[in-house]
Amino acid sequence: MSQVNRLNSASKSTSINREKMFSFKFNGQTFQGYEGDTLASALLANGQILVGRSFKYHRPRGIFTAGSEEPNALIHLRTGAHQEPNARATVAELFNGLVATSQNHRGPLKYDLMAINDLMSPFLSAGFYYKTFMWPKVLWEKLYEPVIRHAAGLGELSKLDDPDIYDKGFLHCDILIIGAGPSGLSAALAAGQAGSRVILADEDFQMGGRLNSETYEVAGMAGSEWVSNTIDALAAMDNVRLMKRTTVIGAFDHGIYSAVERKTDHLLQSDGKPRQVLWKIYSKHAILSAGSTERPIAFPNNDRPGVMLAAAVRSYANRWEVTPGQAVSIFTNNDDGWRTATDLAAKGVKIAAVVDSRSIAPLAEFPGAHIEMGTEVVNTSGRHGLQTITLSNGKIIDTDCLAVSGGWNPNVHLSCHHRGIPQWNKELLAFVPGGELPPEMYVSGAANGDLSLASAIKSGHDIANKLSKALGHKGRVKACAKAENESTANSDFWFVKTDTKNRSWVDLQNDVTTKDIVLAQQEGFNSVEHVKRYTTLGMATDQGKTSNLPAMAVMADNAGKTIPEIGTTIFRPPYTPVSMSTFAGRSRGKDFRPTRLTPSHQYAEKQGAVFVEVGAWMRSQWLPKTGETHWRESVDREVTQTRNSVGMCDVSTLGKIDIQGKDAGEFLNRIYCNTFATLKVGMVRYGLMLREDGIAMDDGTTARLTETQFVMTTTTANAVSVFRHMEFCRQCLWPDLDVHLISATEQYAQYSVAGPNARKLLEKVVDKEFDISNEGFPFMACGEISVCGGTPARLFRISFSGELAYEIAVPTRYGVSMMEALMEAGSEFDSVVYGTEALGVMRIEKGHAAGNELNGQTTAHNLGMGRMVSKKKDSIGNMLSERPNMVKDDANRLVGFFPVDKSNNLNAGMHFMTTGKEANTANDEGWMTSVAFSPSLGHSIGIGYIKNGHERTGETVTAFNGLQDNTMEVEIVSAHFIDPKGERLRV
Amino acid sequence: MIINHPLLGPRDAAEFVYLGDASLMNRPEWKGEDASEEQTEKTLDAYHDYLYIRENKAGEHKELWYHEQGDRSWLVVTRHTISHEITKVELARDVAVANGNKS
Amino acid sequence: MRYSALKVIKEALTGHKGWDPVWRSPEPKKHYDVIIVGGGGHGLATAHYLANQYGITNVAVLEKGWIGGGNVGRNTTIIRSNYLLPENEPFYEYSMKLWENLEQDTNYNSMVSQRGILNLYHSDGQRDAFVRRGNGMIMAGAGADLLDQDAVREMYPFLDFDNARFPIKGGLLQKRGGTVRHDAVAWGYARGADSKGVDIIQNCEVTGFDIKDGICTGVKTTKGNIGANKVAVCVAGSSSRVMAQAGMNLPIESHVLQAFVTEGLKPVIDGVVTFGAGHFYVSQSDKGGLVFGGDLDGYNSYAQRGNLPVVEDVCEGGIAIMPAIGRAKLLRMWGGIMDMSMDGSPFIDRTHVKGLYFNGGWCYGGFKATPASGMCYAHLLATDTPHEVAKGFKLDRFRSGGMIDEKGVGAQPNLH
């Protein structure tokens, strides 16, 4: 029969829509529920009591709560790539077509093979694994641990890419109100009426908090009616934003809160909409009105399906019109627990017993029910669902649902996110917010210990009113709604003491029992943090929302201390678990980071270039021609054509910094270790930049365009950090210098034109009035010119390849046409476009350092540029580069290497050692930084650092490469493999 | 975190790049062209302390932030290293000038 | 009490009544040979090795809170010896060897689990650096394997190989890398030290040092003054605060590093995987949670909590290489305070005050170093000479220019 436990209540709840029937599947079986149900309420309606298994002992587990604090009812929601592990059935909104399966069992849920762990439980006490699995040593990793790992975990990932999309957004408000229960709603109403900009966020899909689950009246009407009227009023205010299905997960610095809004989790399909949105909410103030959570009482065998929190049972009956059992019993230590009996009885549910630990007069009578005062539940029976409870007076009562109430804990979590410790309130017998709250956070209602409805409504109203006034909002705030001041009488009773072998659970998910806690203390784990870590208490998916306090009570009792003396662990974000995709948002796949394209990208694409990621840039790596099957073929051709005639390469990614001012020369003198102030207008100089610690930071060329204007180039990798460093020097160290900096990296397309025919080619594109003859425009000259009949350009005669070479820069928008013009002009010379690989080969052939050499660990001394560090002036890094360990005679020096057997290929990352010595750390003499196959020489070449290398030319050493099994003998040579005298540069 | 830029108003800290203790603005004097060995060692000591040694206070901390996604100004931010509360934000250049920093 | 299979069975059958405290809780004596300030992993390891290797047992470990509550209790549990520089690699390899024998050494199962650590690379430059590093590891006896893309795909088929912004080109694998149950390390060392008579004193905060004429003779604590021949400070995260009481400023900044864990999941990631083009590393605990982390928050902090931008950055990195973990839910985030040194490498050294020793500056690499740090510090305390594998970890190395800068980012702690 369908929905056996759905009540046919006379007073219809507005929370479910009986007109709209949904069909769903759990473990392959089809059930029906209503719009407004959660998966949990629908399962209960259908009499599905058993929904999962516990973590360690694989004990049968049923639904325990009606909210996000649920420890038991964790399921796989949806299937395939959409499968969400560890979804809480108690907050999963029902939709037509929902599919869920139970998790953490082998074989059917009812007959889980892993339940054998339960029989082994005497061996699996808290921390058992620390004392065993050590003999013999080898078996830990070979046997014991794999078995443990295999059994571990709860839900299962699909191992498929998350198919949904996720968004992020920013919101700003005067007052963020967290929780739309009675206190939050009245706060929002007051703040909204006053005129404050308000965001009201609630994790539930229906605002109202406990008012949806109780039978209280507010302002003379049913609580749920007041909720609905209040929401209508708030929705009509432009200054109020209502956000249901939105969990505020963390309180961060300076009033920034993070919230997760579930956009399509309640729909069958997301239809291209984001599944969830991560909001960053910038607030002036926040009111935490997150309510409170009921806590259980620990007693023997209290973990059976059918044992639930009393307020949850009430929620199912009142909000969803479902009874979790046909004969419901109550076990309480407080007045509130009795309301469950009253409410269920009013709905016609049979009450089997009310068991109250207090020896007071009964608060009510129920037909046919046992009323047992001063009595405790001492045992239960029913493997897959509760059947009986045994009382301390010996009575055994038939019951299929036991509603347990141990009092209420204020939801202080967010108030502790700045590490403020909550404080014990003796009257409430609970922790309330205390210590240092996040600045500008206020706490209202039950979250602050104002447990009664009337006080919760009033405290929210009063705080919001006060904050709004302080913000200067003068709107008229109406008096707050009146409600009853119901009894919140409570008692200091936490767990049933027993000397039987039966276990009493405190953490239902992680299977931590009162005995485990006592054992931990016996073994010296006295701090609450130690007990938590030793027993895994409170570390499950519910983060101990229902288990922490009963556990502390056990600890306190065992240690002869009070609960506040035991202390509490720290609450940390997030308030409830959040999908990793939600934090990642759109930054995934190709959009993980922005992509920067060079000005000639379209041109290169047309040529079929192979692109490579260089930081954020995409650069042409090589440009294969038809018929070329291996990258080396293309690269060798590009190098050879360039060296034989002329080649072009897009070097726009190099950082370009425009430096202007009358002190620009002096500024550069201090930024570079070598001298720059003397550089003549119209000339370029190579500069080496040190960090203040004397290590090489960056290198490049800087051109002096006028007396007061320089253009610096940096390496691609350091473009941003060099600019930042120079701004630091300018603003913080030498504010007296008249100098200004502008990044011009994106403003120019810049191409290298290299090879013996470079000038001839350029003469065809450079406008005739500019003399670029060898005499008129010598090596290291620069100038502002125009090309192609008036297009402004800059020309620099500099060379990275070792050939006669220029770099020509034009405004970025001419990037593609400049490249086309160059190639057209070059057609008669068999010109070629070369990529970063050929660029790399040529710079290695020339012995120029690049990123592999300038890796942040090398000095000018290592690079063989020690003499460049001018000792005649102050410059960044000048002083500390003099430290003894940085100028040692036997320091690593950059030199070149040939394989002794020229048919061998070298690898970057080889380590050098004297031939014949063992390959160990003590014998390590340096390493190969960069290698290439040199088409010019016809074999592999490399450059690298080796101790005292500059004095070892001609020596043969071993280049160790055990990693790639390619160890070989190499000869130390000059790093300048081609044209060592630099003649080609000057022709 | 939010940094209240003296010119641009409150800005998310994500717009900035952090450097460290504002004492990094107090770069020691160079030893000079013909310094004695003693002067060189003294200057090296001063540079060592300047670059490497930190008070590393658990409390109010003056520190340098660079508005990279903004106006490229360096700021001196006074921030508490336990509460993260920011009590003062200044343009580093103003601080440098007031401090008498010179080339 | 020795733990043995027989003992475990006997206790299981008799209600676990016979287990003694793992360590005692004595009151402090008036004087010790050595006082170790800080009951974290390194302090407890130092005490253990002092007592068990160097025969010095008149030792107290003073802890201001509960032992193991510092960074040994809040890290991502990874162990590895895959360092680049010759000053570091032999030290971490020594540590690895000590890890490999830890259970037998302490008679406590800290669940050392060598399931491998894989560093992914995404560019030729990264590959070159990994080859350099891998060869250095082999030369130090640590072992290393270079994997190409196919080999990585075989190990972790659900990484994003096809749609990545920074495609995975391969990885450097250290098979001996892995994870350890971090809390158990503190407890195991505490047990090992306690069993030889070392006094572990919790809730005892050091409030000052007794220093006269350049000699340290003891400490002032919340439990009174305690004398000592040698005082060994070992409080990474609080180093600057504690050493300020001895009048010293250090080459250290304090930074917050966040770490994260998801809900428990059935096995999906066997070893440790690190992303080479973003800030993300992950492993799966024996309980099933994905334990992951990334970069520092980046500003000086003593707050033990971080902010949202780094949480997002780390998860972006995670989803960039493993879009299949997108529906795993982040359960808990926490922050630890790192002693970030000026070159990213630690200190184990004497100070200019006689009798006062310093161990700190572990950046975010302290956990894996725990055994070797303890052993080398014990060696220094016992012999007054640095241990062979820790010779480079000197406090004055910046003055001489002997930086040990693995990343090559210079004197900027938040970049190490």
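Our subject in this report is the structure included herewith. (Residues numbered from 1 in each chain as written. Chains lettered and ligands numbered in written order. Predicted model: local features only at pLDDT ≥ 70, side-chain atom pairs only at ≥ 80, totals over all residues. Heavy atoms only, no water.)

### Topic: the interface of chain A and chain B
Where the parts come together, the accessible area they lose is often given as the size of the interface.
For step 1, the next point in the chain: The interface of chain A with chain B comprises 33 residues on the first partner and 36 residues on the second.
For step 2, the next point in the chain: Ranking the residues of chain A by area buried against chain B places H254(A), Q731(A) and M879(A) at the top, with a combined share of 22%.
For step 3, the next point in the chain: Linking chain A with chain B are five salt bridges, by the criterion used here.
For step 4, the next point in the chain: Of the charged contacts in the structure, one is a salt bridge between E727(A) and R72(B), with a shortest N-O distance of 3.4 Å.
For step 5, the next point in the chain: Taken together, the links from chain A to chain B amount to 17 residue pairs in polar contact (both at pLDDT 80 or more).
For step 6, the next point in the chain: Secondary structure elements with two or more residues in the side of chain A that touches chain B: α18 (719–733) and β40 (740–743) of chain A.
For step 7, the next point in the chain: It is α18(A) that contributes the most residues to the side of chain A that touches chain B, eight residues altogether. (Contact = heavy atoms within 4.5 Å. Buried area = accessible area lost by both parts, 1.4 Å probe. Salt bridge = Lys/Arg side-chain N within 4 Å of Asp/Glu carboxyl O. Polar contact = N/O pair within 3.5 Å; in protein donor to acceptor, adjacent residues only side chain to side chain. Helix = DSSP H or I, 4+ residues; strand = E, 2+ residues; numbered from the N terminus.)

### Quick look at empty space enclosed by the protein
Residue and element names in this part refer to chain A.
For step 1, the next point in the chain: A complete count under the given rule lists ten cavities of 30 Å³ or more for this structure.
For step 2, the next point in the chain: Contributing to the lining of the largest cavity are 15 residues, with N409, P410, K545, L549 and F571 lying nearest its centre.
For step 3, the next point in the chain: The leading source of residues in the lining of the largest cavity is helix α12 (residues 548–559), at three residues.
For step 4, the next point in the chain: Each residue belonging to the lining of the largest cavity can be placed in one class, and the counts come to seven nonpolar, seven polar and one charged. (1 Å grid on protein atoms, 1.4 Å probe; cavity = no way out; pocket = protein on both sides within 12 Å on 5 of 7 lines; lining within 4 Å. Points joined across faces, edges and corners; volume = space filled by probe spheres on them. Nonpolar A, V, L, I, M, F, W, Y, C, P; charged D, E, K, R; others polar.)

### Let's talk about the side chain of T701(A)
Residues and elements named next belong to chain A.
For step 1, the next point in the chain: Looking at the secondary structure, you find T701 in strand β38 (residues 696–706).
For step 2, the next point in the chain: Judged by its relative accessible area of 15%, T701 is buried.
For step 3, the next point in the chain: Filtering out sequence-adjacent residues up to four positions away, T701 remains in contact with V684, R685, Y686, V711, M712, T713 and I798. (Buried < 20%, exposed > 50% of the residue type's maximum accessible area, 1.4 Å probe, protein only.)

### Here's the deal with the packing of aromatic side chains
For step 1, the next point in the chain: In this structure the tally under the stated criterion is 49 aromatic pairs over all chains.
For step 2, the next point in the chain: Centre to centre, the rings of F299(A) and F331(A) are 5.4 Å apart; their planes meet at 75°, and the pair counts as edge-to-face. Here F299(A) is found in the loop between β16 (292–294) and β17 (307–309), whereas its partner F331(A) is found in strand β18 (residues 327–332), with 32 residues between them in sequence. Like F331(A), F299(A) is buried.
For step 3, the next point in the chain: Over the aromatic face of W279(A) sits the side chain of R241(A), whose NZ or CZ is 5.2 Å from the ring centroid.
For step 4, the next point in the chain: Looking at K7(C), its charged tip hangs above the ring of W19(C), at a distance of 5.3 Å from the centre. (Phe/Tyr/Trp six-rings, centres within 6.5 Å; stacked < 30°, edge-to-face > 60°. Lys NZ or Arg CZ within 6 Å of the ring centre and 35° of its normal.)

### Examining the pairing of strand β33 (residues 610–614) of chain A
Residue and element names in this part refer to chain A.
For step 1, the next point in the chain: Here five bridges tie β33 to strand β34 (residues 617–622), and the two strands are oriented antiparallel to one another. When the sheet's bridge partners are listed, V610 is paired in β34 with W622.
For step 2, the next point in the chain: Between β33 and β34, which follow one another and run antiparallel, lie two residues, and G615 among them has a positive phi close to 60°. (Pairing = 2+ DSSP bridges.)

### Description of the pairing of strand β12 (residues 252–264) of chain C
One face of the sheet, then the other: side chains in a regular strand alternate in exactly this way.
All names here are of chain C.
For step 1, the next point in the chain: Of all 13 residues in β12, 13 are buried, a share of seventy percent or more.
For step 2, the next point in the chain: As paired elements, β12 and strand β16 (residues 329–341) share eleven bridges and run antiparallel to each other. Residue pairing in the sheet places H255 in a bridge with M338 of β16.

### Observations concerning the interface of chain C and chain A
For step 1, the next point in the chain: Listed per partner, the contact involves 124 residues of chain C and 119 residues of chain A.
For step 2, the next point in the chain: For the pair chain C and chain A, the summed buried surface comes to about 10200 Å²; carbon and sulfur atoms form 55% of the total.
For step 3, the next point in the chain: Summed over the three residues of chain C that lose the most area to chain A, namely M139(C), R165(C) and R327(C), the buried surface amounts to 11% of that side.
For step 4, the next point in the chain: On the surface where chain C and chain A come into contact, there are 13 salt bridges.

### What to know about the pattern of salt bridges
Oppositely charged side chains may form a pair once their charged atoms are brought near each other.
Residues and elements named next belong to chain A.
For step 1, the next point in the chain: In this structure the tally under the stated criterion is 88 salt bridges over all chains.
For step 2, the next point in the chain: Linking R61 and D303 is a salt bridge whose minimum nitrogen-to-oxygen distance equals 2.5 Å. With R61 in strand β4 (residues 60–62) and D303 in the loop between β16 and β17, this pair connects stretches of sequence that are 242 residues apart.
For step 3, the next point in the chain: What you see here is one network of salt bridges that share partners, running through R59, R61, D118, D303, R383, R503 and D511.

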